[in-house]
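# Residue-level structure breakdown
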Amino acid sequence: MRHRKYPFIFGFLVVPVVLYIALVIWPYLQTFGYSLTDWSGASPEMNFIGLDNYTKLFKDSVFLGALQHNLLLLIVLPLATILLALFFAFMLNVGGRSGTGGVQGVRGSAFYKVVFFFPQVLSVAILSVLFQGVYRTDEGGLLNGVLSKIGIVDPAHPWQWLADPDFGLWCIMGVLIWSGVGFYLVLFSAAMQSIPKDIYEAALLDGAKRGTTFFKITLPLLWETIQTAWVYLAIAAMDAFALVSTMTPGAYYGGGPDHHSEIMATLLMRNFITFGKAGYACAMGVVIFFITMVLSVVSLRVTRREKIEF
Amino acid sequence: MGSATEYNRRDLFKRAAAITVLAAGSSSLLAACAGGTGSSDNKSSSPAVGGDSKNPFGVKASDPLDVVIFKGGYGDDYAKAFEDMYKKTYSGANISHLGTQEISGKLQPRFNAGNPPDVIDNSGAQQMKLDVLAGAGQLADLTALLDAPYLDDPSKKIRDVLLPGTIEQGTIGDKMYSLNYVYTVYGLWYSAKLFKDKGWTAPKTWDEFITLCGTIKAAGVAPFAHQGKYPYYANYVILDLIGKQGGAELIKKINACEAAAWDDPAVLAGVSAFYKIMENDYLLPGTNGMTHTESQTAWCQGKAAFIPSGSWLENEMLASTPADFDMAFLPIPSLPGDKLPATAVRAGAGEPFIVPTKAKNKNGGLEFLRMMLTKEGSGKFAAAANSLTVLKGGIGADVQLKPGTKSSATAVDAAGTGTFNFTYPDLQTPFDTELQNATNELVNKRITPKEWVARGKAATAKKV
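Residues numbered from 1 in each chain as written. Chains lettered and ligands numbered in written order. Predicted model: local features only at pLDDT ≥ 70, side-chain atom pairs only at ≥ 80, totals over all residues. Heavy atoms only, no water.

Within chain B one finds 18 helices and 14 strands. Across the 464 residues of chain B, 57% fall into the buried class. Across chain B, the fraction of contacts at a sequence separation of at least 24, relative to all contacts at a separation of at least 6, is 76%. Taken as a whole, chain B presents about 18,300 Å² of accessible surface, with 53% of it coming from carbon and sulfur. (Helix = DSSP H or I, 4+ residues; strand = E, 2+ residues; numbered from the N terminus. Buried < 20%, exposed > 50% of the residue type's maximum accessible area, 1.4 Å probe, protein only. Contact = heavy atoms within 4.5 Å. Areas by Shrake-Rupley, 256 points an atom, 1.4 Å probe, with all protein chains shown as cover.)

Each helix and strand counted, chain A has 12 helices and 0 strands in total. Mapped from its N terminus to its C terminus, chain A presents α and β elements in the order α-α-α-α-α-α-α-α-α-α-α-α. For the C-alpha atoms alone, the extent of chain A along its principal axes is close to 80 × 75 × 30 Å. For chain A, buried positions account for 48% of its 310 residues. Here the analysis covers contacts within chain A between residues at least 6 apart in sequence; of these, 63% occur between residues at least 24 apart. By element, 70% of the accessible surface of chain A is carried by carbon and sulfur atoms, the whole surface being about 15,600 Å².

One broad rule of soluble globular proteins: the nonpolar side chains tend to lie buried together. Among the nonpolar cores identified, the biggest contains 75 residues, and A:Leu86, A:Tyr135, A:Phe188, A:Leu222 and A:Met247 are the most heavily contacted of them. The contacts of A:Leu222, once residues within four sequence positions are left out, are A:Leu86, A:Phe188, A:Ala191, A:Met192 and A:Ile195. (Core = buried A, V, L, I, M, F, W, Y, C linked by side-chain atoms within 4.5 Å.)

Scanning all chains against the criterion turns up 5 cavities of 30 Å³ or more. In this structure, the largest cavity occupies an estimated 110 Å³ of space. Together, 13 residues line the largest cavity, and A:Gln132, A:Leu162, A:Met247, B:Lys229 and B:Gly289 are the ones closest to its centre. In terms of residue class, the lining of the largest cavity is made up of 5 nonpolar, 5 polar and 3 charged. (1 Å grid on protein atoms, 1.4 Å probe; cavity = no way out; pocket = protein on both sides within 12 Å on 5 of 7 lines; lining within 4 Å. Points joined across faces, edges and corners; volume = space filled by probe spheres on them. Nonpolar A, V, L, I, M, F, W, Y, C, P; charged D, E, K, R; others polar.)

Next up on the list: the packing of helix 3 (residues 61–93) of chain A against helix 4 (residues 109–121) of chain A. Residues and elements named next belong to chain A. Following both chains from N to C, one finds helix 3 and helix 4 inclined at 155°, their axes separated by 9 Å at the closest point. The pairing of helix 3 with helix 4 is recorded here as roughly antiparallel in orientation. The element helix 3 and its partner helix 4 pack so that their crossing is left-handed. The segment helix 3 lies against helix 4, with Phe88, Leu92 and Asn93 engaging Ser109, Tyr112, Lys113 and Phe116. Taken together, the residues of the contact of helix 3 with helix 4 sort by class into 4 nonpolar, 2 polar and 1 charged. (Axes fitted to C-alpha atoms, helices over the stretch in contact; angles between N-to-C directions. Parallel < 35°, antiparallel > 145°, perpendicular 65-115°, else oblique. Left-handed = near helix turned anticlockwise from the far one by under 90°.)

So, on to the pairing of strand 10 (residues 304–310) of chain B. Residues and elements named next belong to chain B. With 7 of 7 residues buried, strand 10 lies mostly within the body of the structure. Taken together, the 4 bridges between strand 8 (residues 179–191) and strand 10 define a ladder with antiparallel strand orientation. Opposite leucine 188, over in strand 10, you have proline 308 as the bridge partner. Here 2 bridges tie strand 9 (residues 222–224) to strand 10, and the two strands are oriented parallel to one another. (Pairing = 2+ DSSP bridges.)

A word on the layout of surface pockets. Residue and element names in this part refer to chain B. Of the volumes computed, that of the largest pocket is approximately 1,700 Å³. In terms of lining residues, the largest pocket is bounded by 50 residues, among which Ser123, Gly124, Ala125, Gln126 and Tyr232 are the most central. Top contributing element to the lining of the largest pocket by residue count: strand 12 (residues 345–354), with 5 residues. Grouping the amino acids of the lining of the largest pocket by side-chain chemistry returns 20 nonpolar, 22 polar and 8 charged. Summarising the domain contributions, the lining of the largest pocket has at least three residues from each of domain 1 (65–183 + 349–405) and domain 2 (185–346 + 421–462). (Domains from an automatic or database assignment.)

Let us look at a nonpolar patch on the surface. Residues and elements named next belong to chain A. Where nonpolar side chains cluster on the molecular surface, the patch consists of Phe8, Ile9, Phe12, Leu13, Val17, Tyr20, Ile21, Ile25, Trp26 and Leu29 and spans about 970 Å² of accessible area. Among the secondary structure elements, phenylalanine 12 is positioned in helix 1 (residues 2–34). Here phenylalanine 12 falls in the exposed class, since its relative accessible area comes to 59%. (Patch = residues over 30% accessible without salt bridge, like charges linked within 9 Å, V, L, I, M, F, W, Y side chains within 5 Å. Salt bridge = Lys/Arg side-chain N within 4 Å of Asp/Glu carboxyl O.)

Moving on to helix 3 (residues 103–113) of chain B. Residue and element names in this part refer to chain B. Turning to helix 3, its buried residues are Ile103, Ser104, Leu107, Gln108, Phe111 and Asn112. Down the axis of helix 3, the buried set is contained in an arc of 135°. They therefore lie on one face. Positive backbone phi, approximately 80°, marks glycine 114, located one or two places after helix 3. (Arc of directions from axis to C-beta.)

It is worth spelling out the domain arrangement of chain B at this point. All names here are of chain B. Segmenting chain B into domains produces domain 1 (65–183 + 349–405) and domain 2 (185–346 + 421–462). Centre-to-centre, using C-alpha coordinates, domain 1 lies 29 Å away from domain 2. Opposite the 17 residues of domain 1 that make contact, domain 2 presents 17 residues. For the pair domain 1 and domain 2, the summed buried surface comes to about 1,400 Å²; carbon and sulfur atoms form 44% of the total. Inspection of the domain 1/domain 2 interface yields 0 salt bridges. Where domain 1 meets domain 2, there are 7 residue pairs in polar contact (both at pLDDT 80 or more). Every element with two or more residues in the side of domain 1 that touches domain 2 is listed here: strand 6 (171–172), strand 8 and helix 15 (403–415). Take the side of domain 1 that touches domain 2: its biggest share by element is 3 residues, from helix 15. In the side of domain 1 that touches domain 2, the residues fall into 6 nonpolar, 8 polar and 3 charged. (Buried area = accessible area lost by both parts, 1.4 Å probe. Polar contact = N/O pair within 3.5 Å; in protein donor to acceptor, adjacent residues only side chain to side chain.)

Listed below in structure tokens is the structure:
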């Protein structure tokens, strides 16, 4: 039988692999090539300049600031999203009143699941428009309107939200978390439902409280799913382009005020499209690629644990 | 028995998933870098000037024409009218028309592949930067167009019938690369009706302006709104104050990104005058973070008295403007010791039309531009887009203008030869971006006028 296996596997793989090489690997390689040139992005002509773009890149204070902002996103976004999603998933699946025999979620959990998932079906464009209304800087904004009605905000000097240098990036994070929690909630819910009920019942019989069941049973059995969620979220944190470029102030792809919410992706686009420094922008793309890849590999390695079969 | 079950299936899936996620996540960034691999041959035939006065560029009637128009505030109906005019003369031409807002997205790949369209209205937020295109040798020199005969009166050349400043606006180095077709006037705008009702009179000097702002605020209206999310609108006011104070020489130096220009006392005087709006708290609450739509709508609703903008404002806000609003234009008020007269106004050609060097029907593109510069074309544009064009006396008595456009046209007449313009927003993009960031800090009172000047001076290092 053995000799028949390889043609079989090959037959299945040849088309996807060719497509993958042509549409993913080859553009990647091209980008590496362009990053070594002074390509303007507006003409096919370019000169080879070696690693100049990279040396310039690591002296560019705006790029280093953007890198820091991405790293901040990278820490806060997965942590906040996963914690919130885990908490909600636990409450919806096994967090209901104990002692009633059997394990269940809080009352109305099916309804909550739909409500929490709802932000996930909104496209990024809608999110952006929606939250620009929420964060509007005069009293027409949802937050400023409410806060000035209850007297926290002075209507003559409303809060700046996205246009505030210390606050803008956090406003973006709020949107990312708001829109992301629902998906991970459903992901974790599905994983929780595959955990046999009798494990929980045994724990209940032993007198375990909600917290104990969560940390001793749910979390270890969910570990693989959390790991996947972490990788997804880390990649989302390295991107975040659409929201930052449309919602924050600043000429050409946002990132303002004065680079305070600048991320690598917006800086890349501005250099590529607006400033005609496509080679330089490609160098940024390569840096982003390596950071993302290293992070994914590291997080998959570091969080690897003994698998529990059930 | 070897089989696929030798592998841990779950691990396999997990790895596959991780790779897919990696690929999907980063490709959106990296795919943007895929440049063209098209041919880079330069086989553009130079137009034969001075051949036939009817057809100076030697257009072949059968050649197709590829037109791409920025479909923004002016729409693209006017361009369809131009295309009909072109077809009347070159009946065999198959014209392809694309009206879009995504100029960069649609055209960057075509420029890179060496098959750009024949004529482009390269405008809007996603325009391809002219400094970049010209630097890459992608733009046709329009000198041939300037020397071609004017269609309405072949005894004149095109260069003789353009409003002053048009050629300069499209010139990079010593060649003209873009025809800026729309004549735009910049300054402050207000509702003449609101002013009449409240008994306010439009100020002539900046001191009067600041005093009036006090009166307006006392009446419960915010004196000044601006499009804070896009700080270049506030820059119209600051740079106009500076330009009028410092005169034509200073404007030239600022446009050329000369660091020394920023040491001129006129710069600090101008920005300090502007800063009085912030010092006295005359801003519309929240305006520093508002988009152009939000702030201009608030202004149309009478929440603010003045707003800076170009003369596209009236057409842009047509739907939100009350019928009796009576939009009016005010040149930036003057400072004591101004080198330019009080009537001087920033005005000039905008909406750059370009013809790519590598266009297949480059001659047709030039001819298209020549047809735009006729009384017929200019009138059609004014009717469809409520704006003036760069053609001298281009609008006949039969075209009805709206109050704002009429008011700005009056201001241009009053200014006479005293119009000026800044070219740096089009031609020095990195410098302009930096200056916008500085202005955003200034309107939020996070930096002082002195620091703003220092940042402007530092930004000149980004000269293209």
